[in-house]
Amino acid sequence: MYMRNKFFRSCIAVLPRSYGTNKKAHASLDMAEEVGASFFAKNIGSNYWKWHAVLSKHPELKTLKSKDILNSAKALNKLEFSVDDILTRPMILYTNEMTLENRYVVLKECGFVEITIPLLSKFVAAMNRSVVSLKSYRYISYDTDVIERLRTTFNDIDVKLLNDSECNESLELKFLRQRILNCYLKQRLGASAADIEKIWKTYGRLRHKSFASVQNIIEVLTKDLNFSYERIIKNAFLLYADAENVKRILTEVPTIDNQDIKELLFKRPKIMMTSCDALQTTMQHIKDFGIPEGAILRCLEILTLGPDTVLERLKDLNEIEEFKVLSSNPRVLRLVHYQNKARLRLDYLNQLKVRCASLHILSCSSEAFARFARDGSDKTKGRDVVVYLSNVMNKTESDLRSLLSRHPNWCHIPAIQVKQCYEFLIENHFATEDIYNNIHVLLYPIKRIEEKLKQFENTDFLKEIKSIENSNELTTNEMLTLVLYLIESEFHFTGDGIWTEQHTQHVENFNNLLPDFPESLNNIYKYGLKSASTSISAKKESKDSFKEYVFN
């Protein structure tokens, strides 16, 4: 009876105290069940209680994504490991499928007698052992010539090895493999000693890549994508790539917006490091958000991000007003790719009270951004405004730019203000064509436009206007024309009516009012400043080039 009660209490203990009433508790319990003991038992095998014991000992397994667990389990099953094998080292599921398969192949290439789950889980430790030591523990048979076995793994060329003092079984296995791989890269690709040194300095994990994989990816790069040996060495990270994955990309994603995928992979080799499934998922996310496929060609780097990351950033486009107005821009994916940097820059410009943060400024190089911030010129080239209006008005960009450029200050108005003004007029029943005929009204503060529209509610004012116009009723087009006239008449038709009160004060030395870039961020480039010297030179340059008033 005591044991039964103890068991019952232990079961109750795992439930949230507010399970019966708290909806959040229900939700968290459901999420836990997705990667709980039931999930493992159902999808991998064995029974609930064995997995319950495993998860009690290794609760970190619950933090894994269900798809990653399934992929790792699938890879282990493919390598003919049973559920009982996995249960001996359940943390093996923490290793992703590609790593598991690669490590298995490496151990095979080295001549290990039996490859077990414990050996796979201790792969790095095994690589840190000498061949002599591994043979003494009988992981490798005494009569196996490991060096010759590794040398002949490469069958595209006859690899000539270094002398016995350089390649011998007293070396740690990772260093022996590294030296043999060096010989292959020198003879196969013509890599120099300096190239080899640079590769290992930057891509040290290459020593754990299977020789078969390295050989296969070189074959795909040279034969299918026409990469020169020099280009492969220059992009040595490609030696990590999976040849089968690259072949899948070539087959399943033959074109992007009618452009050959081979040309795009040659242009941006890093895309080959993304799995084909992830590539297709990312492209689908972009399509689901109404962004045309052609936008990908303007920012191929977007394909190097994970699909979950891209999805979250696409959602942010609809949450941040300054980003939302740019969502129809053909270069919007640059904003998605550089979104973390763009957010930091937007916050910093807000501190400076700089309103015209264009897509280019938010995603440009660090030097260009620092120059823009230091110059203190709160204006753009109008590209974002023209693109936005072209989409909502269905007019050509050239026509819009031609009309807008008649106003002397139009480039000082941020796209977000134009968007808000356009939406305000639409909500007040002004047709798009009326707005287009009076396009400059979009440059003015909504507050001023509202003030003038209210004047039309005044009977005496309306009678006076009608008598001047000699008409019974004003059209919406005429109303917008009068709004523009009434606003600018107060400013002697200089175009200064576009400024709000907080932006009308001229300052003689705007640069002295700019806060410095945060000192703690000088060396990590988040705000576009590389060093203190860069800051000084940029400040000097901005003083020399400052030629116009800036509104603060």
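An account of the accompanying structure is given in this report. Remember, it's a predicted structure, so these values are computed and weren't measured experimentally. Each chain has its residues counted from 1, following the order in which its sequence is written. Predicted model: local features are reported for residues with pLDDT of at least 70 only, side-chain atom pairs are reported and counted for 80 or more only, and whole-chain, interface and lining totals are derived from all residues. Excluded from the side-chain calculations are hydrogens and water; all other atoms, namely the structure's heavy atoms, are used.

1. Brief notes about the layout of surface pockets
Detection works on a 1 Å grid of protein atoms alone, calling trapped sets that fit a 1.4 Å probe cavities and calling open sets with protein on both sides within 12 Å along at least five of seven lines pockets, with lining residues defined by an atom within 4 Å of a point. Grid points are joined across faces, edges and corners, and a volume is the space filled by probe spheres set on the points. Considering only enclosed or pocket space, the largest pocket measures out at about 1900 Å³ in volume. Along the walls of the largest pocket sit 41 residues, with Asn96, Glu97, Met98, Thr99 and Ser275 positioned nearest its centre. When contributions to the lining of the largest pocket are tallied by element, the ones reaching two or more residues are α5 (66-78), α7 (97-110), α14 (211-223), α16 (243-252), α18 (276-288) and α20 (307-316). Polarity classes work like this: nonpolar for Ala, Val, Leu, Ile, Met, Phe, Trp, Tyr, Cys and Pro, charged for Asp, Glu, Lys and Arg, and polar for all others, with Gly in that last group. Among the residues forming the lining of the largest pocket, the class breakdown is 13 nonpolar, 13 polar and 15 charged. Strands here mean DSSP runs of E at least two residues long; helices mean DSSP runs of H or I at least four residues long; both are numbered from the N terminus.

2. Quick word on the packing of aromatic side chains
Each Phe, Tyr or Trp ring, with Trp reduced to its six-membered ring, pairs with another whose centre is within 6.5 Å; inter-plane angles below 30 degrees give stacked pairs, above 60 give edge-to-face pairs, and intermediate values give tilted ones. Scanning the entire structure with this criterion turns up 10 aromatic pairs. Ring geometry for Phe40 versus Trp51: centroids 4.8 Å apart, planes at 25°, classification stacked. In this pair, Phe40 sits in helix α3 (residues 37-43) while Trp51 sits in helix α4 (residues 48-57), placing the two residues 11 residues apart along the sequence. There is no split in this pair, since Phe40 and Trp51 are both buried. Their ring planes at 45° and their centres at 5.5 Å tell us that Tyr485 and Phe493 sit as a pair that is tilted. Taking the relative accessible area as the measure of exposure, Tyr485 reaches 49% and is therefore partly exposed. Here a set of aromatic residues connected by ring pairs shows up, and it is made of Phe39, Phe40 and Trp51. Whether a charge lies above a ring is judged from NZ of Lys or CZ of Arg, which has to be within 6 Å of the ring centre and within 35 degrees of the ring normal. Here the basic side chain of Arg231 rests over the ring of Phe266, its NZ or CZ set 4.2 Å away from the ring centre. Here the guanidinium or amino end of Lys395 rests over the ring plane of Tyr436, the centre of that ring lying 4.5 Å away. Only protein chains enter the area calculation, which uses a 1.4 Å probe; residues under 20% of their type maximum are buried, those over 50% are exposed, and those in between are partly exposed.

3. Concerning the packing of helix α23 (residues 339-351) against helix α25 (residues 366-375)
Comment: axis = line fitted to C-alpha atoms, over the contacting stretch for helices; angle = value between 0 and 180 degrees taken between N-to-C directions. One can describe the packing of α23 onto α25 by two numbers: an axis separation of 12 Å at closest approach and a directional angle of 15°. One element, α23, and the other, α25, form an angle in the roughly parallel class. Judged by the sense of rotation from one axis to the other, the crossing of α23 with α25 is right-handed. Of the residues in α25, those touching α23 at Arg345, Tyr348 and Leu349 are Ser366, Phe369, Phe372 and Ala373. Split by residue class, the contact of α23 with α25 holds five nonpolar, one polar and one charged. An angle counts as roughly parallel when it lies under 35 degrees, as roughly antiparallel when it exceeds 145, as roughly perpendicular when it falls between 65 and 115, and as oblique in every other case. Crossing handedness is defined as follows: a turn of the near helix away from the far one that is anticlockwise and smaller than a right angle gives a left-handed crossing, while the clockwise case is right-handed. Contacts are residue-level and defined by heavy atoms, with any inter-residue pair within 4.5 Å sufficient.

4. As for α7
By this rule the span expected of a helix is its residue count minus one, scaled by 1.5 Å. The end-to-end C-alpha separation of α7 is 20 Å, in line with the 20 Å expected for 14 residues at 1.5 Å each. Pairing of N or O atoms within 3.5 Å defines a polar contact, subject to two protein rules: one partner must be a possible hydrogen donor and the other a possible acceptor, and residues neighboring in sequence count only if both atoms are side-chain atoms. The N-cap of α7, judged by a side-chain oxygen 3.1 Å from the amide nitrogen of Met98 a few residues on, is Asn96. Gly111 sits one or two positions beyond α7 and adopts a positive phi of about 90°.

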